[in-house]
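# Structural description and commentary
What follows is each chain in one-letter form.
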Amino acid sequence: MYSANYVDQHLVIDVYLEEVKALVLHSDNDFYVSLKADTTFIPFSNVLKIKYEHNKMRNGVWVNGNYHYLPITIASDKPIEFEGNRYNGMFKLISSQKGSIKIINSVELEDYIAGVIPFEIGIEAPYEALKAQAVAARTHTIHQLINSKHKGDGYDLCNKTHCQVYKGLSSQTEKTYRAAIETSNQILIVNNKVINAVYHSCCGGSTEDVRDAWGGRRSYLTHVNDSRANDNGVPYCSLGGKYVKWYQSAYQWSLRKSKEELGKTLKIGKALSIEIIKRGKSGRIHRMKVIGTNGNKTLSGELEIRRIFNNAKSSNFTITDKGSYFSISGKGFGHGVGMCQIGAIVQAHLGYSYDDILLLYFTGAEISSDWILDDIGIE
Ligand SMILES: [Zn+2]
Ligand SMILES: [Zn+2]
């Protein structure tokens, strides 16, 4: 079960930041340290020096010289600074079995979304693309809360790529904050349930059906062309060169893989040839067989295939035998399922709104802000 809850109608989520034995917090205003949710706040100075100590069978911390049993909650009227990053919301310190403190930022959903957008799509993306990313990231967050990947950890989400990268206020800009607030509470739903709004950097022309990529059928994660007939059917991400710095290496790329090296990695002697067993509708390879002088090896899943082929940007590639090596010619960046981020950026430049953008990639989905966490469920 998630620990997220509503405070004054705002959804507040618990994001894990780090595990430490000691920490220092700064704020431009007084701190308040609360021992239980409803105890009186104790004002402190604007620097808190906190140190873990196990005391008489229980875990606690010294806070500016006073000892408190864990958990404690720390608040301030101004953002709280921790290890060079500033955070809105409160800090919760809970004890860890490893004999240290888990630091958790309890933050309002929209503050969190404004903080993750820059890491997911970059602050230079046009405004409607930032808004599309805000809705996708919020949908992804709600889906994760219900799915609770961190069940039993004492928090809802971590601040790493495992969930979504989050560094508080430090990375957000006025524009990313506005993108979160203007789409406040909006998520993508199908049958009144939250969808799994996944995204990737560049589809390479069309998106992948989730069934081909990871198995399981989802009506909203099917193969769609990253284009519209009234834009002459040209893939949006193919136009990325005009707008996205990193485009050149994302839409089309190539690499070489020596047969010697491939065979050695797979322990099959020297690789002789490759047989494609399964390709998804986007063109991504999901299963292949490598035939070697000393055996064969079947690679399954786009991630494994990418890893073996020099961490290729995607498994959407063709292979040409060049004698001593295979010449790999590829398209796209990432798994290809759901929203194509370069496609979203190009559409925003062409004048499409964030809902047009999202609904191109998530077939049959709707945008809703009329939901509550306890009732929504997963589609
Ligand atoms: Zn996580
Ligand atoms: Zn695309």
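Parameters and conventions
Residues numbered from 1 in each chain as written. Chains lettered and ligands numbered in written order. Predicted model: local features only at pLDDT ≥ 70, side-chain atom pairs only at ≥ 80, totals over all residues. Helix = DSSP H or I, 4+ residues; strand = E, 2+ residues; numbered from the N terminus. Buried ≥ 20, exposed ≤ 12 C-beta atoms within 10 Å, placed from the backbone. Contact = placed C-beta atoms within 7 Å. Domains from an automatic or database assignment. Pairing = 2+ DSSP bridges. Axes fitted to C-alpha atoms, helices over the stretch in contact; angles between N-to-C directions. pLDDT = per-residue confidence, 0-100. Expected span 1.5 Å × (residues − 1). Left-handed = near helix turned anticlockwise from the far one by under 90°. Nonpolar A, V, L, I, M, F, W, Y, C, P; charged D, E, K, R; others polar.

What follows covers the overall build of the chain. A tally of helices and strands in the chain yields 10 helices and 25 strands. Considering only C-alpha atoms, the chain reaches an extent of 75 × 50 × 35 Å along its principal axes. For the chain, the residues scored as buried account for 44% of the 379 residues in total. Sequence separation of 24 or more characterises 64% of the internal contacts of the chain that already satisfy a separation of 6 or more.

Moving on: unusual backbone geometry. For residues other than glycine, phi is negative in most cases, and the peptide bonds are mostly trans. In this chain, L70 is followed by P71 through a cis amide linkage whose omega measures 5°. As for its placement among the helices and strands, P71 is situated in the loop between β8 (66-69) and β9 (72-76). Although it is not a glycine, S148 sits at a positive phi angle of roughly 30°. In this fold, S148 is placed in the loop between α2 (127-147) and β14 (157-158).

Turning next to the domain arrangement of the chain. For the chain, the domain assignment lists domain 1 (5-110), domain 2 (111-228 + 335-376) and domain 3 (250-331). Put simply, the middle of domain 1 and the middle of domain 3, counted by C-alpha atoms, are 49 Å apart.

A few words now on the sheet that holds strand β22 (residues 317-321). With antiparallel pairing, three strands are arranged side by side in an open sheet as β18-β23-β22. On the outer flanks of this sheet lie β18 (252-258) and β22, each paired with one strand and no other. Averaged over all pairs of adjacent strands, the angle between strand axes in this sheet comes to 20°, irrespective of strand direction. Across seven bridges, β18 lies against strand β23 (residues 325-331) in antiparallel orientation.

Sheet architecture is open: six strands sit in the order β8-β7-β6-β3-β10-β11, paired in antiparallel fashion. Looking at strand neighbours, the two that pair on one side only are β8 and β11 (85-87), the edges of this open sheet. Strand-to-strand twist across the sheet, computed as the mean angle between neighbouring axes with direction ignored, equals 30°. Note that strand β6 (residues 47-55) and strand β7 (residues 58-63) share six bridges and pair antiparallel. The partner of I50 across the bridge, within β7, is V63.

This part covers the environment of T222. Within the element layout of this structure, T222 appears in the loop between α4 (210-213) and α5 (248-251). You can call T222 partly exposed: it has 19 C-beta atoms within 10 Å. Each C-alpha atom of the pair T222 and E208 lies 6.6 Å from the other, and the pair is 14 residues apart in sequence. Discounting residues that sit within four places of it in the chain, T222 has contacts with D209 and T363.

Regions with low pLDDT should not have their predicted coordinates read in detail. Here the chain shows a mean pLDDT of 92. Residues at 70 or above account for 96%. Mean pLDDT values over the elements of the chain span from 66, in strand β5 (residues 42-43), up to 98, in helix α9 (residues 354-361).

Relative to the 18 Å expected for 13 residues at 1.5 Å per residue, helix α1 (residues 109-121) spans 18 Å between its end C-alpha atoms, a close match to the ideal helical length. For α1, a buried count of 11 out of 13 residues is recorded, marking the element as mostly surrounded by other parts of the structure. Buried within α1 we find L109, E110, D111, Y112, I113, A114, G115, V116, I117, P118 and I121. Where α1 is buried, its residues meet β2 (10-20), β13 (101-108), α2, α3 (174-182) and α8 (341-349). Two residues or fewer past α1, G122 is found with a positive phi of approximately 90°.

Examined against the element boundaries, Y87 turns out to sit in strand β11. Looking at Y87, the number of C-beta atoms within 10 Å reads 27, which means it is buried. Sequence separation between Y87 and I367 is 280 residues, and the spatial gap between their C-alpha atoms is 29 Å.

Let us now look at the packing of α1 against α2. Where α1 meets α2, the closest approach of the two axes is 9 Å, and the angle between their N-to-C directions is 115°. Crossing hand, α1 versus α2: right-handed. Contacts between α1 and α2 pair L109, I113, V116, I117, E120 and I121 from the former with A129, L130, Q133, A134, A137 and R138 from the latter. Across the contact of α1 with α2, the residue classes tally to nine nonpolar, one polar and two charged.

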